[in-house]
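Structural overview
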Amino acid sequence: MAYASVIEIWSRWAPPNERAKMASIGDMGVYAGLMSSFMVSGWILYEMGWATLFHITGIATLFWAGIWYVLVKNDPADAEWITDDEKKYIKEQMKTVVDDQKKLVYPWKDLLTCVPFWLACMVKFAYGVGFAFMMMNLPQYIKDMNDIDIKKIGYISTIPQICALIAMPFAGYIFDYMRSNEILSLTNVHKLYACIGLISGVVTFLVAGLWPNFIASVVCLSLFQVCVSCTVLENQIVMLDLAPRYAAFMVSIASSCYTVALILTPMIVGYTVTSHSRSQWNICFMIFGILFVSTSLICLKFLKVKLQRWANYSPDESNEQKT
């Protein structure tokens, strides 16, 4: 629900040529949260136990939700903290207008047969596999290969998140720069960003599996997080570029694919890595690498990004216009 609501906000607030920059700044919060959690969770768990860890994160989340409820406005016109010139600029730049007075009617046939949408879901699934491994299995992999104290792994695991936190705003700026200056077509910018993270995942995962040195593992997985930040960003922007009016629903479907990846990845690792040997970890890296390569090739072949003809109007509104 949170991801869908954020996309709904961007569909009303983010002009097309500034979507990537705004979304990248918002996504920095994800990595900042992961980084801070990793830094303190190992210490809290070791010193105070699981219950305290849940209490602290729950209270922090409730506090931040309260700030969101007070400050965030559904529409720029309702915001008191931006100028009239800013409101006018946003309204002029937006290519689609959402009328909240009308019931939103979904063009189900067009929506569910939209090829770029399902390709975005595939990319989200592949990213979910990489993310789940980083969050759930990276500490165990580092421990198995290098026999490091569990208390220190929390600090070690922050390094990839710090790298992604730094890389995310640069990725957003470069995306918007290439788009607004027409260095590449919109479709090719999306293809480039989608494949950067997936191909880097293949390379870094294979190197980490074949060369399980502690420093090499951390460096490879940090590079993966830097590159996959491009894929994460592209996956959000593509929904807004395809159909801003229905982006929240489309993101919710993609998030379901992402959640399936979070479920399957630890199951695959648990089934494969039974004795915590190097060869078993390598099998996991190979499986994930094949998934990333196949997803990249499919995107390069079939992904085409443009505002869909059904994106601005519901079927009833389209019939009225034809009449």
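Residues numbered from 1 in each chain as written. Predicted model: local features only at pLDDT ≥ 70, side-chain atom pairs only at ≥ 80, totals over all residues. Heavy atoms only, no water.

What follows deals with the confidence of the model for the chain. If pLDDT is low for a region, its predicted coordinates should not be looked at in detail. With 88% of its residues at a pLDDT of 70 or more, the chain shows a mean pLDDT of 82. Segment residues 314-323 is flagged for pLDDT under 50; beyond a separation of four residues in sequence, or across chains, it makes nine contacts in the model. (pLDDT = per-residue confidence, 0-100. Contact = heavy atoms within 4.5 Å.)

Taking 1.5 Å as the rise per residue, helix 10 (residues 214-242) with 29 residues should run 42 Å; its terminal C-alpha atoms sit 42 Å apart, in good agreement. Counting buried positions along helix 10 yields 23 of 29 residues, so the element is predominantly enclosed. (Helix = DSSP H or I, 4+ residues; strand = E, 2+ residues; numbered from the N terminus. Expected span 1.5 Å × (residues − 1). Buried < 20%, exposed > 50% of the residue type's maximum accessible area, 1.4 Å probe, protein only.)

Let us look at the pattern of salt bridges. As enumerated under the stated definition, the model contains five salt bridges in all. Arg 309 is paired through a salt bridge with Asp 110; the nearest N and O atoms lie 3.1 Å apart. Of this pair, Arg 309 sits in the loop between helix 12 (278-302) and helix 13 (315-322) while Asp 110 sits in helix 5 (residues 108-112); the two residues are 199 residues apart in sequence, bridging distant segments of the chain. One network of salt bridges, in which partners are shared, links Arg 19, Arg 179 and Asp 241. (Salt bridge = Lys/Arg side-chain N within 4 Å of Asp/Glu carboxyl O.)

So, about the packing of helix 8 (residues 158-180) against helix 10. At their nearest, the axes of helix 8 and helix 10 sit 8 Å apart, and the two run at 40° to each other. For the element pair helix 8 / helix 10, the angle class is oblique. The handedness of the crossing between helix 8 and helix 10 comes out as right-handed. Taken together, the residues of helix 10 that come into contact with helix 8 (itself represented by Ile 159, Pro 160, Gln 161, Cys 163, Ala 164, Ala 167, Met 168, Ala 171, Gly 172, Phe 175 and Arg 179) are Val 218, Leu 221, Ser 222, Gln 225, Val 226, Ser 229, Cys 230, Leu 233, Ile 237 and Asp 241. Taken together, the residues of the contact of helix 8 with helix 10 break down into 14 nonpolar, five polar and two charged. (Axes fitted to C-alpha atoms, helices over the stretch in contact; angles between N-to-C directions. Parallel < 35°, antiparallel > 145°, perpendicular 65-115°, else oblique. Left-handed = near helix turned anticlockwise from the far one by under 90°. Nonpolar A, V, L, I, M, F, W, Y, C, P; charged D, E, K, R; others polar.)

We now examine helix 12. Helical geometry: 3.6 residues make up each α-helical turn, so side chains three or four residues apart lie on a common side. For helix 12, which comprises 25 residues, the first-to-last C-alpha distance of 37 Å matches the rise-based estimate of 36 Å (1.5 Å per residue) to within 8%. Among the residues making up helix 12, those that are buried are Gln 280, Trp 281, Asn 282, Cys 284, Phe 285, Phe 288, Gly 289, Phe 292, Thr 295, Ser 296 and Cys 299.

Running from N to C, helix 2 (residues 19-48) and helix 3 (residues 50-71) point in directions that differ by 135°, and their axes come no closer than 7 Å. As far as their axial angle goes, helix 3 and helix 2 are oblique. Residue-level inspection shows Ser 41, Ile 44, Leu 45 and Met 48 of helix 2 in contact with helix 3, the latter providing Trp 50, Thr 52, Leu 53 and Ile 56.

As a further point, take the environment of Thr 158. Along the chain, Thr 158 falls in helix 8. Measuring from C-alpha to C-alpha, the distance between Thr 158 and Val 218 comes to 9.9 Å, with 60 residues separating the pair along the chain. Those residues within four positions of Thr 158 in sequence are excluded, and the remaining contacts are Met 35, Phe 38 and Met 39.

A few words now on the state of the cysteines. Cysteine pairs can be linked by a disulfide, which is a covalent bond between their two sulfur atoms. All chains considered together, the criterion is met by zero disulfides. For Cys 230, which is in no disulfide, the shortest distance to another cysteine sulfur is to Cys 227 and amounts to 6.5 Å. Exposure remark for Cys 230: the relative accessible area of 11% places this residue in the buried category. Note on Cys 299: no disulfide assigned, nearest cysteine sulfur contributed by Cys 195 at a separation of 5.7 Å. (Disulfide = S-S within 2.5 Å.)

Evaluation of the coordinates by the stated rule reveals 15 aromatic pairs. With a centroid separation of 5.8 Å and an interplanar angle of 65°, the aromatic rings of Phe 133 and Phe 288 are classed as edge-to-face. Taken as a pair, Phe 133 in helix 6 (residues 115-146) and Phe 288 in helix 12 lie far apart in primary sequence, 155 residues in all. When sorted by exposure, Phe 133 lands in the same class as Phe 288, which is buried. Every member of this aromatic cluster is reached through a ring pair, and the members are Tyr 106, Trp 108, Tyr 246, Phe 249 and Trp 310. (Phe/Tyr/Trp six-rings, centres within 6.5 Å; stacked < 30°, edge-to-face > 60°.)

Among the surface-exposed residues, Ile 162, Ile 166, Phe 170, Tyr 173, Ile 174, Tyr 177, Ile 183, Leu 184 and Leu 192 lie close enough to one another that they form a single nonpolar patch of about 850 Å² accessible area. For the nonpolar patch, the element with the highest residue contribution is helix 8, accounting for six residues. With respect to the element layout, Tyr 173 can be found in helix 8. (Patch = residues over 30% accessible without salt bridge, like charges linked within 9 Å, V, L, I, M, F, W, Y side chains within 5 Å. Areas by Shrake-Rupley, 256 points an atom, 1.4 Å probe, with all protein chains shown as cover.)

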